[in-house]
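Fold and geometry: a report
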Amino acid sequence: MIVPSPYDDLLAPIPVQKHTVSVLGSATRYWEYGDPQSPTTIVAVHGFRGDHHGLEPVVAQLSGFRIISPDLPGFGESEPLIDATHDIDGYRRWLTAFVTAVAPSGRFVILGHSFGSIVVSATVAGGLRADDVVLVNPIAAPALSGPRGILTRLAVFYYWAGAKLPERLGFALLRNRVIVRVTSLAMVKTKDPELRRWIHNQHDRYFSAFSDRRVVLEAFRASVGNDVSEFAADIPERTLLIAAEKDDITTVAAQQRLQKLFPDATLQVIDKVGHLIHYEVPAIAAAHLQSFLDEEKSA
């Protein structure tokens, strides 16, 4: 079953092209939205167990940009990495090579959501140059120390079991629809029944679109074993942090501490939303992004 997106009317007029590029020996699928001749290119990196669809509600709110949104290796339609592990270093190498391959010209903005915020931070700290960095729902501190540290520990056991069971059973566990729905229910904060229904449907459709058990286990370990605070001091670029008041993974206090680690960072906290800014309030996130980029343009 497909639940219509509340953002379809905004997204429909935006030109989109689907591409494939070879990166580190495997095929990366990516989507190019907007004007390919725009002077500003935004490369947007999605979160753990998602794919490019997750950031489309934010894309729908933006105009005048070239937006490139890949599926992370091993997720969505992208092939797994061949010569690298799906850890932070592997994804850092991949993102550096991917940006080189798509060759953004003019102003280059790099955006990461959730796990994507760690990947982006590690890549920029490792030497990828961008004009601006935007992190949405950034992972500001170790997940095990977050407000729901106990649930994170349960997730560690869940992924461990998924890896240890015989392949067929392990794969079925990792894609279990009940567990996917429980995870979705834990993250959703909106009271709007239609929006909740659509968000759950998005997770049902895309949360299990990973290639194999190895990929999802490696990426999960990377997602709980790293955070943006490790890399912040080495990111000289102007940075925008878009955080959430009710984020169960990272508290506002942790986001405020994170902001101080960057040489040049602005923090915007959105009220009454949790770890699904991109689904629940994409217009607010896009407005913060637009203001941030306009501020530099007029400086």
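Bear in mind the structure is a predicted one, so any value in this text is a computation, not a measurement.

Concerning the nonpolar core
Considering soluble globular proteins, one finds that nonpolar side chains tend to be buried as a cluster. Ranked by internal contacts, the top residues of the largest apolar core, which has 55 residues, are F75, L95, F98, I110, F115 and F262. Apart from residues no more than four positions distant in its own chain, L95 is found in contact with V45, I110, V119, V120 and T123. Among the nonpolar cores identified, the runner-up in size contains 38 residues, and W31, L55, V59 and I242 belong to it.

Some points on the pairing of strand 6 (residues 132-136)
Most of strand 6 sits out of view: five of its five residues are buried. The alternating pattern of strand 6 places D132, V134 and V136 on one face and V133 and L135 on the opposite face, and all of these are buried. As paired elements, strand 5 (residues 107-113) and strand 6 share five bridges and run parallel to each other. Paired with G112 across the bridge in strand 6 is L135. Crossover connection from strand 5 via helix 4 (residues 115-125) to parallel strand 6: handedness right-handed.

Regarding the environment of T190
Its place among the elements puts T190 in the loop between helix 7 (177-187) and helix 8 (193-206). With relative accessibility at 13%, the residue T190 sits in the buried group. Put simply, T190 and P70 are 120 residues apart on the chain and 27 Å apart in space, counted from C-alpha to C-alpha. Among all residues touching T190, those that are not within four sequence positions of it are L195, R196, I199 and E280.

Some thoughts on the sheet that holds strand 1 (residues 16-23)
Spatial ordering of the open sheet is given by 1-2-4-3-5-6-7-8, a layout of eight strands whose pairing is mixed. If you trace the sheet from one side to the other, it starts and ends with strand 1 and strand 8 (265-270), each paired once. On average, each strand axis in the sheet is inclined to that of its neighbour by 20°, with strand direction left out of account. By the bridge criterion, eight bridges tie strand 1 to strand 2 (residues 26-34) in an arrangement that is antiparallel. Within strand 2, the residue paired with H19 across the bridge is Y30.

Describing the pairing of strand 3 (residues 40-45)
For strand 3, the tally of buried residues reaches six of six residues, placing the bulk of the element in the interior. Residues of strand 3 alternate between two faces, with T40, I42 and A44 on one and T41, V43 and V45 on the opposite face, all of them buried. As defined by bridge partners, strand 3 adjoins strand 5 across six bridges and the pair is classed as parallel. If you follow T40 over to strand 5, its bridge partner there is R107.

Focus: the environment of A186
With respect to the helices, strands and loops of the structure, A186 is situated in helix 7. By relative accessible area, A186 is classed as partly exposed at 26%. With 62 residues separating them along the chain, A186 and D248 place their C-alpha atoms 8.7 Å apart.

Let's talk about unusual backbone geometry
Located in the positive-phi region is L24, a residue other than glycine, with phi close to 55°. With respect to the helices, strands and loops of the structure, L24 is situated in the loop between strand 1 and strand 2. By relative accessible area, L24 is classed as partly exposed at 28%. If you check the backbone angles, R49 has positive phi at about 65° while not being a glycine. Judged by its relative accessible area of 1%, R49 is buried.

Criteria and thresholds
- Residues numbered from 1 in each chain as written.
- Predicted model: local features only at pLDDT ≥ 70, side-chain atom pairs only at ≥ 80, totals over all residues.
- Heavy atoms only, no water.
- Core = buried A, V, L, I, M, F, W, Y, C linked by side-chain atoms within 4.5 Å.
- Buried < 20%, exposed > 50% of the residue type's maximum accessible area, 1.4 Å probe, protein only.
- Contact = heavy atoms within 4.5 Å.
- Helix = DSSP H or I, 4+ residues; strand = E, 2+ residues; numbered from the N terminus.
- Pairing = 2+ DSSP bridges.
- Right-handed = clockwise from strand over helix to strand, strands pointing away.
- Axes fitted to C-alpha atoms, helices over the stretch in contact; angles between N-to-C directions.

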